[in-house]
Amino acid sequence: MADAIQKKLKAELEKYSQLQKDVSKSMSSRQKLETQLTENNIVKEELDLLDSSNTIYKLIGPVLVKQDLDEAKATVGKRLEYITGELQRYETLLKDMEKKSEQHREVLTSLQQDFQKAQGLAKGK
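Residues numbered from 1 in each chain as written. Predicted model: local features only at pLDDT ≥ 70, side-chain atom pairs only at ≥ 80, totals over all residues. Heavy atoms only, no water.

If you look the chain up in an unreviewed UniProt entry, it shows as Prefoldin subunit 6 from Kryptolebias marmoratus. Looking at the Sequence similarities (unreviewed entry) heading of the UniProt record, one finds this comment for the chain: "Belongs to the prefoldin subunit beta family." Of the chain, the UniProt comment under Subunit (unreviewed entry) reads exactly: "Heterohexamer of two PFD-alpha type and four PFD-beta type subunits. Component of the PAQosome complex which is responsible for the biogenesis of several protein complexes and which consists of R2TP complex members RUVBL1, RUVBL2, RPAP3 and PIH1D1, URI complex members PFDN2, PFDN6, PDRG1, UXT and URI1 as well as ASDURF, POLR2E and DNAAF10/WDR92." (UniProt positions renumbered as here; feature names shortened; annotations may be inferred.)

Have a look at this one:
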């Protein structure tokens, strides 16, 4: 009896640790997106200060290429939209993972209690 519970406990613990790794990866990705969002907001603010008489360059590989102001603003705007959407997706993903993590914790706790009871019964015999 205790062996079966121990196997279940071990399997559940592996699932839980994998879920924690996934949460960690998602948190890291979300932090990168937040950094990109901040950087792009700064770029947008800088572009808003410019007028059409200013020259804008875009770095493409090792070369600076002239770019139109409206085109640059549109590109940054689209990038901000995309990053915001990705951040929302990661928030939803992390909430789901937290729910699953809580469920795994509850299952682990009950399995540990069952295992301890089974060990106690085995010692009593």
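Text resumes after the structure shown.
Novice: What is the right way to look at the nonpolar core in this model?
Specialist: Formed by Ala2, Ile5, Leu9, Tyr16, Leu108, Leu111, Phe115 and Ala118, the largest nonpolar core amounts to 8 residues. Listing elements by their share of this core, those giving two or more residues are α1 (2-49) and α2 (69-124). (Core = buried A, V, L, I, M, F, W, Y, C linked by side-chain atoms within 4.5 Å. Buried < 20%, exposed > 50% of the residue type's maximum accessible area, 1.4 Å probe, protein only. Helix = DSSP H or I, 4+ residues; strand = E, 2+ residues; numbered from the N terminus.)

Novice: Explain the pairing of strand β1 (residues 56-60) to me, please; I cannot follow it from the model alone.
Specialist: Put simply, side chains in a regular strand alternate between the two faces of the sheet. The sheet contact formed by β1 and strand β2 (residues 63-67) spans 5 bridges and is antiparallel. Within the sheet, the bridge partner assigned to Lys58 lies in β2 and is Val65. Hairpin connection between β1 and β2: a loop of 2 residues separates the two successive antiparallel strands, and Gly61 in this loop has a positive phi of roughly 65°. (Pairing = 2+ DSSP bridges.)

Novice: I keep staring at the pattern of salt bridges and nothing clicks. Help me out?
Specialist: Close approach of charged atoms allows side chains with opposite charge to pair. Going through the model one piece at a time under the given rule, you end up with 5 salt bridges. A salt bridge links Glu86 to Arg89; the nearest nitrogen and oxygen atoms lie 3.0 Å apart. Taken together, the residues Glu86 and Arg89, both in helix α2 and 3 residues apart, mark about one turn of the helix. With its nearest N and O atoms 2.6 Å apart, the salt bridge here joins Glu102 to Arg105. Remark: Arg105 and Glu102 occur in helix α2; sequence separation between them is 3 residues, near one turn of the helix. For Arg105, a relative accessible area of 34% translates into the label partly exposed. (Salt bridge = Lys/Arg side-chain N within 4 Å of Asp/Glu carboxyl O.)

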